[in-house]
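Structure assessment
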Amino acid sequence: MVARERRGMCGLAGLWVRAGRMPALTAMAEGMAATLWRRGPDSAGCWTDPEAGIALAHRRLAVVDLSEAGAQPMHSSCGRYVLSFNGEIYNHPALRRELEAAGTQGWRGHSDTETLLALIAARGLEAALQACVGAFAIALWDRHNRTLQLARDRLGEKPLYYGWSEGRLLFASELKALRSVPGFAQGIDPGALSLYLRSNCIAAPWSILRDVYKVPPGHVISLDPDALHAGTGQGQARAFWSLEQVITRPPLALDEHEAERALEELLLDAVGQQVLADVPVGAFLSGGIDSSLITALMCRVSAERVKSFTIGFDHAGFDEAPHARAVAAHLGTEHTELYLGTDQVRDEIPSLPDVYDEPFADSSQLPTLLVSRLARQRVTVALSGDAGDELFCGYNRYLVSRGVWDALRRVPRPLRRVMAGAIGLVPPQGWDRIGPVPMLGAKLGKVARMLRGGLTTREIYRASSEEWHGALPLLADPGLTSRVDAMEPLRASPEEAMMQWDMAGYLTDDILVKVDRASMASSLEVRVPLLDHRVVELAWGLPLQFKKRDGRGKHLLRRILSRHVPDALIDRPKAGFAVPVGAWLRGELRDWAEDLLSPAALAETAPFDVPAIRQRWDQHVAGSHDWTGSLWGILMFQAWARRWGAKC
């Protein structure tokens, strides 16, 4: 690939204490950063100001320009700012030219970090971030005002935690870095636990631990000496980008042909920016629409033959590898596929509480971890097709026609409950054998839950996306609400309302967390071209009929892809990136699960409603119900709590 600047995914950490309270600042910050070595195995740096009580640390994964000119933490040329930066500013060459035209000179190197610092010095932090195209998390210390600012990219691709312990402010890319600080002993936040049980992940700004938060996507958190003295709270949050504002903008005046051309040009530009590196770059290829499109566009803009990666499973209904192989053959990529047996996948389960050092239970975390490890053997950077579903109406819950729901609403609720009961007469495994839709039993179970509800858009969404459906297995529910709970639909159509909620919650708190932690555990940088904010803004400026057509989603993406890959290689039911966890819990993982779900184990970690959990476990083992999602959530929480010694 063409080398143009120094970039690389990294880990950042640091702490701020009242002056005189902690003399070993450097050792403390370096210890925090050391826990993040997989995020940045190539080098480390630390800067401290004992008088101010601040320390910034950094771990680096080298991707472009290995010189020391871009070492972090980095000082601005004016001497005012110190920056620890994790991420990529894809348009930084253009930003550097703008700065040069305005008089900036004397560059020390070619890093996007240096460009970002110069931009901050010239325009201020928020204006600088608004000008950036990229994925990033930053900690910026202002030496003049003695203020700390923490910021995160628009959609939340890069993580950043911050919180309080014994009056000290701690911040880092992952929770394990905070845990390394002596005296850190924050317990489980019951409200965050309730959010977790609903969706198997924890929505920003909350974390699983008390007094520890996530920087919300698209926000800057400002902390001053008064906040440090208080030793608690979330700080002052300001948005530099807002999904809600994007959704409420007037629609773009484009016909379908113009929209298709604009989207393809923008995607080509985004992919073109993101393939630049001094190390090998590849693509995750599942054979679905999104990953196939990104791979095809990579083939257009890359000077070298594209490397693509997929994994297959020796379990019927879960193997997407043949589809990926066919697409790779058509595109002419240098394709690597690895077939995994059940034992190989299951063997990764004990590592999950370390990889995801906050409870997280999307079972596709397992194949994501394994494909990241596979790709890292050949490349250091991989592009993925994530976000196509949320932006272009791809999930099954979007595709049921409004006419169907309107008709069902006219059916009396008692009769709808009879219909739901009829679905339940066939065990999930029986529906799966009927096919051809993958995991048909679990999907029909969600339909049954919808039929029992009021069939409002919000109820349909919750029935399809939540695990315990309003009956959390807790003795007391703190009732903490997420950003999505408080978010009113900004578009009239149910499809766009659900896309909005998924963009604000599921994408950020589940999909991007899954990809970041799995890839970083293998020291692999993953880039997501569909989350270039220009693509996001264009997509929301287009009408629904450009995305959903004849009961199928991703209409424009399909149109663009059809010029690169024959439709016959792509058209098939949506499967997802799944492994047969439900079957394993009835078989090979049963003893492991029984240990974590024993009444004694459950009572030890949190105020669980043990009989409710045990009832689901018994029903799942018997095969009368498929409770994979909710049980996997409890199991991942229990495994995490055992690994980290955490309790409510």
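This structure is a prediction, so every number in the text was calculated from the model and none was measured.

With respect to the overall build of the protein
Across its full length, the protein holds 29 helices and 17 strands. Relative to the compact-globule value of 26 Å for 648 residues, the protein shows a C-alpha radius of gyration of 24 Å, a close match. Along the three orthogonal principal directions, the C-alpha set of the protein runs to about 70 × 60 × 45 Å. For the protein, with 648 residues in total, the buried portion stands at 61%. For the protein, the proportion of contacts with a sequence separation of at least 24, taken over those separated by at least 6, is 74%. Of the roughly 23600 Å² of accessible surface on the protein, a fraction of 53% belongs to carbon and sulfur atoms. Once the 73 positive and 76 negative side-chain charges of the protein are each reduced to a mean point, those two points are 2 Å apart.

Focus: the pairing of strand E6 (residues 134-142)
Buried residues dominate E6, accounting for nine of its nine residues. Here E6 shows two buried faces, one formed by Gly134, Phe136, Ile138, Leu140 and Asp142 and the other by Ala135, Ala137, Ala139 and Trp141. For strand E5 (residues 81-89) and E6, the ladder comprises nine bridges, and the chain directions are antiparallel. Counted as the bridge partner of Tyr81 is Asp142 from E6. Looking at chain direction, E6 and strand E7 (residues 147-152) are connected through six bridges and run antiparallel. Across the sheet, Ala137 pairs through a bridge with Arg152, a residue of E7. The turn joining E6 and E7, which pair antiparallel and follow one another in sequence, is formed by four residues; a positive phi near 50 degrees is taken by Arg146.

What to know about the confidence of the model for the protein
Chain-level statistics for the protein give a pLDDT mean of 92 and a share of 95% at 70 or above. Across residues 1-7 the pLDDT falls below 50, and counting only partners more than four positions away or on other chains, this stretch makes 42 contacts in the model.

Brief notes about the environment of Arg397
Mapped onto the secondary structure, Arg397 falls in helix H16 (residues 396-399). Since its relative accessible area comes to 15%, Arg397 is described here as buried. A C-alpha to C-alpha distance of 7.1 Å links Arg397 and Ser464, two positions 67 residues apart in sequence. Setting aside chain neighbours within four positions, we find Arg397 in contact with Tyr461, Ser464, Ser465, Met498, Asp502 and Tyr506.

Topic: the sheet that holds strand E1 (residues 10-16)
One open sheet holds the six strands; their spatial order is E2-E3-E1-E9-E8-E10, and the pairing between them is antiparallel. Lying at the two open borders of the sheet, with one neighbouring strand each, are strand E2 (43-49) and strand E10 (212-214). Taken pair by pair, the neighbouring strands of this sheet meet at an average axis angle of 10 degrees, ignoring direction. Pairing between E1 and strand E9 (residues 168-172): four bridges, direction antiparallel. Paired with Gly14 across the two strands is Phe171, which belongs to E9.

Notes on a nonpolar patch on the surface
On the surface, Leu415, Val418 and Met419 cluster together to form a nonpolar patch covering roughly 260 Å² of accessible area. For Leu415, the position within the fold is in helix H18 (residues 413-424). When its relative accessible area of 46% is taken as the criterion, Leu415 is described as partly exposed.

A short note on the packing of aromatic side chains
Using the criterion set out here, one finds twelve aromatic pairs in the structure. Between Trp592 and Trp632 the ring centres are 6.1 Å apart and the planes differ by 50 degrees, which places this aromatic pair in the tilted class. Of this pair, Trp592 sits in helix H26 (residues 590-596) while Trp632 sits in helix H29 (residues 628-644), placing them 40 residues apart in sequence. Among the residues examined, Trp632 registers a relative accessible area of 1% and is labelled buried. Feature note: the residues Tyr196, Phe608, Phe637 and Trp640 constitute an aromatic cluster, connected by ring pairs. Seen from the ring of Trp540, Lys547 lies directly overhead, with NZ or CZ sitting 5.1 Å from the centre. The positively charged end of Arg643 is found above the aromatic ring belonging to Trp644, 3.9 Å away from the centroid.

Things to note about the packing of helix H6 (residues 190-199) against H29
Contact geometry of H6 with H29 gives a least axis separation of 8 Å together with a crossing angle of 140 degrees. As judged from the angle between their axes, H6 and H29 are oblique. In this structure, H6 crosses over H29, and the sense of that crossing is right-handed. From H6, Leu193, Tyr196 and Leu197 reach across to H29, where they touch Gly633, Ile634, Met636 and Phe637. Partitioning the contact of H6 with H29 into residue classes produces six nonpolar, one polar and no charged.

Digging into the nonpolar core
Ranked by size, the top nonpolar core spans 110 residues in total, and within it Leu150, Phe608 and Phe637 carry the most contacts. The greatest single-element share of this core, amounting to ten residues, is contributed by H29. Excluding anything up to four places from it in sequence, Phe637 contacts Ile188, Leu193, Tyr196, Ile208, Pro359, Thr605, Ala606 and Phe608. In terms of nonpolar packing, the next biggest core, distinct from the first, is built from 100 residues, Leu263, Met298, Phe392 and Tyr398 among them.

What to know about the pattern of salt bridges
Enumeration according to the criterion identifies 45 salt bridges in this entry. Close ionic contact of Asp571 with Arg558 constitutes a salt bridge, the shortest N to O distance being 3.2 Å. Of the two residues, Asp571 is situated in the loop between helix H24 (555-561) and helix H25 (581-586) and Arg558 in helix H24; the sequence distance between them amounts to 13 residues. The class of Asp571 is partly exposed, set by a relative accessible area of 40%.

Side note on the packing of helix H21 (residues 457-465) against helix H22 (residues 494-520)
Axis separation between H21 and H22 bottoms out at 10 Å; the angle between their running directions is 50 degrees. With respect to H22, the element H21 is oriented oblique. The interaxial crossing formed by H21 with H22 has right-handed handedness. For the pair H21 and H22, contact is made by Thr457, Arg458, Ile460 and Tyr461 and by Pro494, Ala497, Met498, Trp501 and Asp502, respectively.

What to know about the sheet that holds strand E12 (residues 236-239)
Sheets are built from strands paired through backbone hydrogen bonds, the pairs being either parallel or antiparallel. Taken together, the six strands give an open sheet; going across it, the order is E4-E5-E6-E7-E11-E12, and neighbouring strands pair in antiparallel fashion. Because the sheet does not close on itself, it has two edges, and the strands there are strand E4 (74-75) and E12. Relative to the sheet, helix H3 (residues 112-123) contacts E4, E5 and E6, its axis offset from that of E5 by approximately 125 degrees.

Side note on the pairing of E2
Pairing of E2 with strand E3 (residues 54-60), which is carried by seven bridges, proceeds in the antiparallel orientation. Looking at E3, one finds that Ser43 is bridged to Arg60.

As for helix H9 (residues 256-274)
Every α-helical turn comprises 3.6 residues, leaving residues that sit three or four positions apart pointing alike. Between its first and last C-alpha atoms H9 spans 27 Å; for 19 residues at 1.5 Å apiece the expected length is 27 Å, and the two agree. Looking only at H9, the buried set comprises Glu256, Ala259, Glu260, Leu263, Glu264, Leu266, Leu267, Leu268, Ala270, Val271, Gln273 and Gln274. In this structure, the buried residues of H9 make contact with helix H10 (289-301), strand E16 (381-383), helix H15 (388-392), strand E17 (525-527), helix H23 (533-540) and H24. Two to three positions downstream of the cap, the backbone nitrogen of His257 sits 3.2 Å from a side-chain oxygen, assigning the N-cap of H9 to Asp255.

About the criteria used
- Sequence positions are assigned chain by chain, starting from 1 and proceeding in written order.
- Confidence filtering applies because this is a predicted model: local features only for residues at pLDDT of at least 70, side-chain atom pairs given and counted only at 80 or more, and all residues used for totals across whole chains, interfaces and linings.
- To obtain the side-chain values, all non-hydrogen atoms of the structure were used and water was disregarded.
- Numbering of helices and strands starts at the N terminus; helices are DSSP runs of H or I of at least 4 residues and strands are runs of E of at least 2.
- With C-alpha atoms as the basis for the radius of gyration, the globule rule is written as 2.2 Å multiplied by the number of residues raised to the power 0.38.
- Three exposure classes are used, based on accessible area relative to the maximum for each residue type with a 1.4 Å probe and protein chains only: buried under 20%, partly exposed in between, and exposed over 50%.
- The contact definition used throughout considers only heavy atoms, calling two residues in contact when any of these lie within 4.5 Å.
- Accessible surface is estimated by sampling points in the Shrake-Rupley manner with a 1.4 Å probe; for residues, cover comes only from the protein chains shown.
- Under this rule, positive means Lys or Arg and negative means Asp or Glu; His and the chain ends count for nothing.
- Charge positions come from single atoms, namely NZ of Lys, CZ of Arg, CG of Asp or CD of Glu.
- Between any two strands, at least two bridges found by DSSP are needed for them to pair.
- Confidence scores per residue from the predictor, reported as pLDDT, run from 0 to 100.
- The axes are straight lines fitted to the C-alpha atoms, using for helices just the contacting stretch, and the angles between their N-to-C directions are given from 0 to 180°.
- Only residues whose relative accessible area exceeds 30% and that form no salt bridge are eligible for patches; like-charged ones are grouped when within 9 Å, while nonpolar side chains (Val, Leu, Ile, Met, Phe, Trp, Tyr) are grouped when within 5 Å.
- The salt bridge definition used is simple: a Lys or Arg side-chain nitrogen within 4 Å of an Asp or Glu carboxyl oxygen.
- Side-chain rings of Phe, Tyr and Trp (the six-membered ring for Trp) are treated as a pair once their centres are within 6.5 Å; stacked means planes under 30 degrees apart, edge-to-face means over 60, and tilted covers the remaining angles.
- Placement of a positive charge over a ring is assigned whenever Lys NZ or Arg CZ falls within 6 Å of the ring centre and within 35 degrees of the normal to the ring plane.
- Note that the term roughly parallel is reserved for angles under 35 degrees, roughly antiparallel for angles over 145, roughly perpendicular for angles of 65 to 115, and oblique for everything else.
- Crossings are sorted by hand: turned counterclockwise from the far helix by less than a right angle, the near helix makes the crossing left-handed, and turned clockwise it makes it right-handed.
- Residues are sorted three ways: Asp, Glu, Lys and Arg are charged, Ala, Val, Leu, Ile, Met, Phe, Trp, Tyr, Cys and Pro are nonpolar, and all the rest, Gly among them, are polar.
- Only buried residues count toward a nonpolar core, which is a set of Ala, Val, Leu, Ile, Met, Phe, Trp, Tyr and Cys residues joined through side-chain atoms within 4.5 Å.
- One less than the number of residues in a helix, times 1.5 Å, gives the span that helix is expected to have.
- Think of a polar contact as two N or O atoms within 3.5 Å of one another; within protein, one of them needs to be a possible hydrogen donor and the other a possible acceptor, and neighboring residues in sequence only count if both atoms come from side chains.

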